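Spelled out from the first residue to the last, the chains are:
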Amino acid sequence: MTIKYLSLITTFGLLLCSITGSAQKGSAFKDGVARVENNGHSWYINAAGEKMFDTIFGTYHPAIRLSDAEIDIKEDQKMMLVSTQDKMGVVNDSGRWLLQPVYDSIEFRWKSHLYLRQHGKATYADSWGKLLLPLEFEEVELLKDDYFMVKSNNKWGVYNIREKRLQVPAVYEDIDYCGGCGAKGDYVFAQKDGKWGVVSFENKELVPFTYEHEHFAMRSDNWVRCFKKNDQPVVINIATRKEYAEPEYTQMDVIGNGMLKLKHNGHFGLVNENGSQVADYIYDDINDPYAEGTYGPYLSVTQHKKTGIIGEDGKVIIPLSYDGEIGGFANCFIVPVNGKYILVDSAGKKLLDREYNNISGVSAGRETDAAPVFILKQQALYGFYNPVNKKTVAPAFFGISVHDSGGLLEMEYQGRKGLYNVEGEQLLPVAYREYAALTPSLYMVRDGRLKGVYDIRAKRLVLPMVFEEADLLAGDSSLIRVTKKTPEGSYVYGVYNGKGEVIVPVKYGGISLIGKGTYLVSDEKKNATTYALFNARTGKLAPLPYSYLGMPGVEGQVVVEKNNQAGVVNEKGEAVIPCIYERVKALPHGIYQLVKGEKYGYADSTGKEIVPLIYDYDVSGDISYDLNDVLLLTKTDPQEQILKIGLASLQGVILTPPVHDRVLPEVSGHGYLVMNNSKFSVLSPAGKPISPLKFDDILLGERAGFGVVGIKYNFPLLCRIGNTCQYLTADGGLLPLKMSETIPFEEEGTWGAPEL
């Protein structure tokens, strides 16, 4: 039988009605709105055809602000910043107003807030349009969490949005805040009568208004370093209100955990954050011994060119008897001695029995459970020391690095690598060019070209390095699949357990998972292939009497062939669909297409026929392109000799019979577009026409070209009959707007409204 194929249009859904003499134009609906134009002026309408706004000037994804440092952005949703008659508002992606267009300006800030202005007043809303504070202030700025700086009658205060009140009255000429500090403070720097002081969020004066201020050296703890007095720098402790300034104090700096280092009478001393003097002015220098970005409770001090360590209480931990800088890490100290280094603890006790060329501290593991380790260098070799269990691995390696897995160190020697844990136990000998974890205890290892498996718990090679590959068997984390190359150059596969015992001999041409613990194995002999099912739980092989096995279907099933007839068997080798069909194809959702002669139908995963074999099979081109949620039906029109198309549900219910030239499902389940004799109809999800009208063309939000199966569209849907375009609603009605030409969704000059 010869079948004529319909020549499918390559611009299906690309509506181009350019009719001269007409005045009104429209776009496809997108995000709940569409753009229409008349006499050069355009605006956007909602699904009811009502005018909403004139222009989209930006889009953004809404977000939930979990904290100052963490924002949960909802990328599956989109909001539009819009304007109409010079007023601005916000619309969601369903075409509904979040904020009515009554604002003079709207800005999206910090990926989580909307800054609004109206009639000279300002406020903030969250990204969903909820107003956070009343629209009664001249200016508003976010401080932290629930606190905002607000300006009223040209004066500044602090507003608490949770308590809905001014906690700091708007009586100050200016306010500043350390917004970039990691730990946000509960006070602001404020100006009154031209002078600056510090005010708490409860409006308590913490530092008197007697200073000059610039936004420099901002902090949020008890130390104020951003003030000057008579144009000279000062440092103020909020707890004591004490002022430190020249000429009495010089070289003032906050170091460590909030300790003020300052020079007095030619020597350095320390004041803690509470304002207490903890170290007298007796030192030539005081420094933070920790690496940049890390902190600890100790400080290095120098006196008479000798260095030691003191605690935050000023007590000497390590006597001032060493030359050079002392480094701190994990409550231990790397101390220079005679050009080398020793390691001492926080009590000053020596931890190592010898000196090293270099000692450095590292954290081995993830941040929350990182173990401290000290890398030791002796001449050109490296080892390490664990201060927790006092274990030393003597330098014997060319390099040591922290492994990606927590608590492991990779050791390297002459191009070979191995693993130690931080406790000092060798897990993997330093003997391999390559290794990779298969399980917590089993590692693939390679020295030359071939690979094996090493058990780091049993401390032995459970599989020798004779395999091309060794990896976990798919679907089973306790079994290992290995690959070998035959003398003929082909590859064979086998399976071992974690003890190195043979489960499936290394002789099969393929092993693939078809169900939980069930694998299909193939064996090629004398140009013939035999198949068996391997049960990983029992370790047994069950031969299958089939000459060909296709791709697996649903879990635990596989398409098989015997005597040129196809069927389906389960993981026990039992027939689900008997081998009586010329072709069986596995489809999504556990559906099988069954073919006999020139007819086909469908069966489910139980073998039940859900669509009878009465439909015409496309023997020349297989028109059964993949559809995820529906089943394709095709029948040859006896008069036109053209293959007509229909759809059935996954349960076999006919949605629309095979009477159409083309059927395109909407990917979100809105329904179907069908074409017959170059006319289009719109069907509901149940396959019923939502309108009796036949359309000459339909405009989609996205182009649907030749070969496209699933399409995207939203109602109202812009359709054309003759020279007139109208919007079709989901209930089959038509909006009253009648147009003669289509336009893009974004107006010219604003295409692709910026994402903010």
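Since the structure is predicted, the reported quantities are computational estimates derived from the model, not experimental observations.

Asker: Help me understand the overall build of the chain in this model?
Answerer: Assigned secondary structure in the chain consists of zero helices and 74 strands. Reported as C-alpha extents along the three principal axes, the dimensions of the chain are approximately 110 × 80 × 40 Å. Per-residue burial for the chain yields a buried fraction of 48% across its 756 residues. Pairs at least 24 apart in sequence give 33% of the contacts found in the chain among residues at least 6 apart. Surface summary for the chain: the accessible area is close to 36,500 Å², and the carbon and sulfur share equals 48%. When the 80 basic and 93 acidic side-chain charges of the chain are each reduced to a single mean position, those positions are 5 Å apart.

Asker: Explanation requested: the pairing of strand S42 (residues 408–413) in the structure shown.
Answerer: On a regular strand, one side chain projects to one face of the sheet and the next to the other, so that they alternate. Examined bridge by bridge, strand S41 (residues 399–402) and S42 share four bridges and lie antiparallel to one another. Each residue of the ladder has a partner; that of Ile400, found in S42, is Met411. One ladder, built from six bridges, connects S42 with strand S43 (residues 416–421); its direction is antiparallel. The partner of Glu412 across the bridge, within S43, is Lys417. Connecting S42 to the next strand, S43, in antiparallel fashion are two residues, including Gln414 with a positive phi near 50 degrees.

Asker: Please clarify how a nonpolar patch on the surface should be interpreted in this entry.
Answerer: A contiguous nonpolar surface patch, about 260 Å² in accessible area, is contributed by Ile64, Leu66 and Trp128. As for its placement among the helices and strands, Trp128 is situated in the loop between strand S13 (121–126) and strand S14 (139–144).

Asker: Quick question: what am I supposed to make of the side chain of Ser112 here?
Answerer: Within the secondary structure layout, Ser112 lies in the loop between strand S11 (105–109) and strand S12 (113–118). Setting aside its immediate chain neighbours within four residues, Ser112 contacts Ala63, Arg65, Ile71, Asp126 and Ser127.

Asker: Looking at this structure, I do not really get the sheet that holds strand S52 (residues 502–508). What am I missing?
Answerer: One key point about sheets: their strands pair by backbone hydrogen bonds, in either a parallel or an antiparallel sense. Spatially, four strands are ordered S49-S50-S51-S52 in an open sheet, and the strand pairing comes out antiparallel. The sheet terminates laterally at strand S49 (469–472) and S52, the two strands that pair on one side only. Here the strands of the sheet are splayed against their neighbours by 15 degrees on average, with no regard to which way each runs. Of the strand pairs in this sheet, strand S51 (residues 491–497) and S52 are connected by three bridges, and their pairing is antiparallel.

Asker: Honestly, the pattern of salt bridges in this entry has me stumped. Any pointers?
Answerer: Here the idea is simple: oppositely charged side chains can pair when their charged atoms come close. Under the counting rule described, the total for this entry stands at 31 salt bridges. The network of salt bridges with shared partners includes Lys25, Arg35 and Glu37.

Asker: Just to check I follow, could you spell out the packing of aromatic side chains for this structure?
Answerer: What describes a pair of aromatic rings is the distance from one ring centre to the other and the angle between the planes of the rings. This structure, assessed with the given rule, holds 31 aromatic pairs. Here Tyr60 and Phe108 contribute two aromatic rings whose centre-to-centre distance is 4.1 Å and whose plane-to-plane angle is 20 degrees, an arrangement assigned as stacked. Of this pair, Tyr60 sits in strand S5 (residues 55–60) while Phe108 sits in strand S11, and the two are 48 residues apart along the sequence. By relative accessible area, which is 14% here, Phe108 ends up buried. Between Phe398 and Tyr413, the ring centres sit 4.6 Å apart and the planes meet at 45 degrees, which makes this aromatic pair tilted. Note that Phe398 is positioned in the loop between strand S40 (391–397) and S41 and Tyr413 in strand S42, a separation of 15 residues in sequence. Three or more aromatic residues joined by ring pairs make a cluster, and in this case those are Tyr44, Phe53, Trp97 and Phe745. Above the ring of Tyr615, the side-chain terminus of Lys635 is found at 5.8 Å from the ring centroid.

Asker: Any chance you could explain the state of the cysteines here in plain terms?
Answerer: Each disulfide is one covalent bond, formed between the sulfur atoms of two cysteines. This model, assessed by the stated rule, comprises one disulfide. Residue Cys178 pairs covalently with Cys181 via a disulfide, S to S 1.8 Å. Disulfide Cys178-Cys181: torsion about the S-S bond near 80 degrees, hence right-handed. Given the relative accessible area of 8%, Cys178 is considered buried.

Asker: In this structure, what is going on with the pairing of strand S29 (residues 277–283)? I would like to understand it.
Answerer: In terms of strand pairing, strand S28 (residues 267–271) meets S29 through three bridges, oriented antiparallel. Within S29, the residue paired with Phe268 across the bridge is Tyr283.

Asker: Help me understand the environment of Phe384, please; the structure alone is not making it clear to me.
Answerer: You can see Phe384 is positioned in strand S39 (residues 381–386). What makes Phe384 buried here is its relative accessible area of 0%. For Phe384 and Ala394, which are 10 residues apart along the polypeptide, the C-alpha to C-alpha distance reads 6.8 Å.

Asker: Even after reading the chapter, I still don't get the nonpolar core, so can you show me in this structure?
Answerer: For soluble globular proteins, nonpolar side chains are generally found buried alongside one another. With 21 residues, the main nonpolar core has Tyr602, Val611, Leu631, Leu647 and Tyr672 as its most contacted residues. Looking at this core, the elements with two or more residues in it are strand S62 (591–596), strand S63 (599–603), strand S64 (609–616), strand S65 (631–636), strand S66 (643–648) and strand S69 (672–676). Counting 17 residues, the second largest nonpolar core, distinct from the first, contains Cys178, Met218, Val234 and Ile236.

Asker: I'm lost on the environment of Val33 in this one. Help?
Answerer: Along the chain, Val33 falls in the loop between strand S1 (24–26) and strand S2 (34–38). Exposure remark for Val33: the relative accessible area of 0% places this residue in the buried category.

Parameters at a glance
Residues numbered from 1 in each chain as written. Predicted model: local features only at pLDDT ≥ 70, side-chain atom pairs only at ≥ 80, totals over all residues. Heavy atoms only, no water. Helix = DSSP H or I, 4+ residues; strand = E, 2+ residues; numbered from the N terminus. Buried < 20%, exposed > 50% of the residue type's maximum accessible area, 1.4 Å probe, protein only. Contact = heavy atoms within 4.5 Å. Areas by Shrake-Rupley, 256 points an atom, 1.4 Å probe, with all protein chains shown as cover. Lys, Arg positive; Asp, Glu negative; His and termini not counted. Charge placed at Lys NZ, Arg CZ, Asp CG, Glu CD. Pairing = 2+ DSSP bridges. Patch = residues over 30% accessible without salt bridge, like charges linked within 9 Å, V, L, I, M, F, W, Y side chains within 5 Å. Salt bridge = Lys/Arg side-chain N within 4 Å of Asp/Glu carboxyl O. Axes fitted to C-alpha atoms, helices over the stretch in contact; angles between N-to-C directions. Phe/Tyr/Trp six-rings, centres within 6.5 Å; stacked < 30°, edge-to-face > 60°. Lys NZ or Arg CZ within 6 Å of the ring centre and 35° of its normal. Disulfide = S-S within 2.5 Å. Core = buried A, V, L, I, M, F, W, Y, C linked by side-chain atoms within 4.5 Å.

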